[in-house]
Amino acid sequence: MELTKKAKALLKLGLCDHCLGRQFAQLGHGLENFERGLIIRTALKGKKKIKEKLFKRENIPNLEVKKNCFLCRDYFEKIEYFAEFISIGLKKYDFETFLIGCKIPLELKRKEEELWETYGFEETEPMKSEINRLIGKKVSTLIKKRVDFKRPHINAVINLEKEHLNLYINSIFIFGKYNKLERGIAQTRTYCPICKGRGCSKCNWEGRLYKESVQELLAKKFLKFTKGTDTKFHGCGREDVDARCFGKRPFVMEILEPEIRKINLKKLQKEINKKNKGRVKIFNLRFSNKNEIRKLKEAKPDKVYRIILKLEKKISRNELKKLDKLVGVIKQRTPIRVEKRRANLIRKRKLKSISWKKLSNNKLRLTLKTEAGFYVKEFITGDEGRTKPNVSEVLNQKVEWENLDVLKVLYP
Ligand SMILES: [Zn+2]
Ligand SMILES: [Zn+2]
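Residues numbered from 1 in each chain as written. Chains lettered and ligands numbered in written order. Predicted model: local features only at pLDDT ≥ 70, side-chain atom pairs only at ≥ 80, totals over all residues. Heavy atoms only, no water.

### Some remarks on the environment of S129
Okay, so step 1: You can see S129 is positioned in helix α6 (residues 127–143).
Okay, so step 2: With 51 residues separating them along the chain, S129 and K78 place their C-alpha atoms 15 Å apart.
Okay, so step 3: One polar contact links S129 to E125, side chain to side chain, over a distance of 2.5 Å. (Helix = DSSP H or I, 4+ residues; strand = E, 2+ residues; numbered from the N terminus. Polar contact = N/O pair within 3.5 Å; in protein donor to acceptor, adjacent residues only side chain to side chain.)

Pasting the structure below:
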């Protein structure tokens, strides 16, 4: 629709200056919509035509803004009120960046759409986006924090009608590395598959598959420092529950809904290590981000394992030399113990090096360097022929493993 005709028709409808100007939001730079509205009203009064070049700062008349709007219920008059309301809600949180969202009543949305259908939507901006922007600007000056459209620390969504505020506090991410010095600790909190954490007779009312995990041992202090509500633990691979890990395994701890973001990581690390002495130790804590989680998951670091083997029969040094031939590609069909969780297929994984030391007539210590995803236990026993070649087969006797430790996680 031609601009002057459109402006005249809209003015007749009884729009406030915000809503009138917003229908021309794409015209002119650096103006607020109510300023466009003032320009249009004045121009029409003076019987001027509405043209794009009219929308300039020097044409803004010094007039009072028109209210009593049939479209927006004068919500624009309450921008300051909403901004203060939100600022109070944000008070207890420590953050740098935020983004405002609003819920406008459905009826207003419909009215706006009807308006667009009749008068065109080419030059307009949605009401919602103007309200968000104006509240955002105001909140920003009130609390002296920045608006961030991409990755704000907090999303504040206000329901204009109900005057209800919802805050979405985005997680913080902290990178570190850990050693697990005790067997029997899982990496992450694992809920009982039967009761899903509620507690049942099967899990002894613990709700957990394993009583303790690295995640939970660390989480208490992380939550104490950040006042978050919960954690998610993102590890770079994981060792078995019964294996220790002396290789510093990278992880990212995600803290959900933290009230405090700026924390003293050195102090946190110290407290965690004191509390978990002899069980779990962490290193290199630093602030991280969501992208690093993907990096951790995609990284396929080589590992060095140490494993103690129990032999059935006495064995000569010469026979043990056969182990050296195992270096190369090992084919592993999905182990019986994880069969339920993983697709049944054959994986080819490299054994990069192997060394051994006889501890007694029937005890042997192996050190293996493997590619990521290598099933070490199955490589020892053969897993009923599912892993080939394997240690039992080469030594021509039944071999059992006694304990397993991860010595190194070769993460760059
Ligand atoms: Zn309005
Ligand atoms: Zn249970």
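Don't stop here, the text continues.
### Some thoughts on unusual backbone geometry
Okay, so step 1: Here the amide bond leading from K388 into P389 is cis, since omega sits at -15°, within 30 degrees of zero.
Okay, so step 2: Within the secondary structure, P389 sits in the loop between β13 (387–388) and α12 (391–395).
Okay, so step 3: With a phi angle near 60°, N396 is a residue other than glycine that sits in the positive phi range.
Okay, so step 4: With respect to the element layout, N396 can be found in the loop between α12 and β14 (399–410).
Okay, so step 5: Classification of N396 by relative accessible area gives exposed; the value is 61%. (Buried < 20%, exposed > 50% of the residue type's maximum accessible area, 1.4 Å probe, protein only.)

### Quick word on the coordination of the zinc ion (ligand 1)
In an ideal tetrahedron of four donors about a metal, each angle is 109.5 degrees. In an ideal octahedron of six donors, the angles are 90 or 180 degrees.
Okay, so step 1: Protein coordination of the zinc ion (ligand 1) is provided by C16 (SG), C19 (SG), C69 (SG) and C72 (SG), with donor distances spanning 2.2 to 2.3 Å.
Okay, so step 2: Classification of the site at the zinc ion (ligand 1) as tetrahedral follows from its four donor atoms and the range of 106 to 111° in their angles at the metal.
Okay, so step 3: Each donor residue of the zinc ion (ligand 1) lies on the same chain, and together they follow the pattern C-x2-C-x49-C-x2-C.
Okay, so step 4: Among the residues examined, C19 registers a relative accessible area of 0% and is labelled buried. (Donors = N, O, S within 2.8 Å, 3.2 Å for Na, K, Ca; no water. Tetrahedral: all angles 85-135°; square planar, octahedral: opposite > 155°, others 65-115°.)

### A few points about the coordination of the zinc ion (ligand 2)
Okay, so step 1: Here the zinc ion (ligand 2) is held by the protein donor atoms C192 (SG), C195 (SG), C200 (SG) and C203 (SG), which lie 2.3 Å from it.
Okay, so step 2: One chain supplies every donor to the zinc ion (ligand 2), and in sequence these donors are spaced C-x2-C-x4-C-x2-C. Accessibility classification places C195 together with C203 in one group, the buried group.

### A short note on helix α8 (residues 265–275)
Okay, so step 1: Among all positions in α8, only L265, L268, Q269, I272 and N273 are buried. Down the axis of α8, the buried side of the element spans an arc of 125°, and every buried residue falls inside it. Exposed residues lying more than 90 degrees from the buried face of α8 are K266, K270 and K274.
Okay, so step 2: Taken together, the buried residues of α8 touch β5 (172–180), α7 (214–226) and β8 (280–288).
Okay, so step 3: Residue N264 occupies the N-cap position of α8, its side-chain oxygen lying 3.1 Å from the main-chain nitrogen of K266. (Arc of directions from axis to C-beta. Contact = heavy atoms within 4.5 Å.)

### With respect to the packing of aromatic side chains
Okay, so step 1: One pass over the structure, following the stated rule, counts eight aromatic pairs.
Okay, so step 2: Judged by centre distance (6.1 Å) and plane angle (50°), the rings of Y178 and F251 are tilted. With Y178 in strand β5 and F251 in strand β7 (residues 244–256), this residue pair connects regions lying 73 residues apart in the sequence.
Okay, so step 3: Given a relative accessible area of 0%, Y178 falls into the buried group.
Okay, so step 4: Pairing F233 with F251 gives two aromatic rings, centres 5.1 Å apart and planes at 15°, and the pair type is stacked. Here F233, found in strand β6 (residues 230–235), pairs with F251, found in strand β7; they are 18 residues apart in sequence, far enough to count as distant. Residues F233 and F251 agree in their burial class; the two are buried. (Phe/Tyr/Trp six-rings, centres within 6.5 Å; stacked < 30°, edge-to-face > 60°.)

### Observations concerning the domain arrangement of the chain
Okay, so step 1: Looking at the chain, the domain boundaries give domain 1 (1–71), domain 2 (172–298) and domain 3 (302–410).
Okay, so step 2: Relative to domain 3, the C-alpha centre of domain 1 lies at a distance of 78 Å. (Domains from an automatic or database assignment.)

### Some words on the sheet that holds strand β2 (residues 146–147)
Okay, so step 1: Overall, mixed pairing links the four strands, which are arranged β2-β1-β3-β4 in an open sheet. Across the chains shown, the open sheet's two edge strands, defined by having one partner strand only, are β2 and β4 (164–169).
Okay, so step 2: Two strands pair when backbone bridges link them, and strand β1 (residues 97–103) and strand β3 (residues 154–159) are joined in this way by six bridges, in the parallel orientation. Bridging from a neighbouring strand, F98 pairs with I154 of β3.
Okay, so step 3: Lying over the sheet, helix α4 (residues 79–90) contacts β1, β3 and β4, oriented at roughly 45° with respect to β4.
Okay, so step 4: Packed onto the sheet, α6 meets β1, β2 and β3 and runs at close to 140° relative to β1. (Pairing = 2+ DSSP bridges. Axes fitted to C-alpha atoms, helices over the stretch in contact; angles between N-to-C directions.)

### A look at the pattern of salt bridges
Okay, so step 1: According to the stated counting rule, one finds 39 salt bridges in the structure shown.
Okay, so step 2: Among the salt bridges present, the one from E35 reaches R57, with a minimum N-O distance of 3.2 Å. Pair noted here: E35 is in helix α3 (residues 33–45) and R57 is in the loop between α3 and α4, with a separation of 22 residues, a long-range link.
Okay, so step 3: E35 gets classed as buried once you look at its relative accessible area, which sits at 11%.
Okay, so step 4: Of the residues examined, R57 reaches a relative accessible area of 49% and is grouped as partly exposed. (Salt bridge = Lys/Arg side-chain N within 4 Å of Asp/Glu carboxyl O.)

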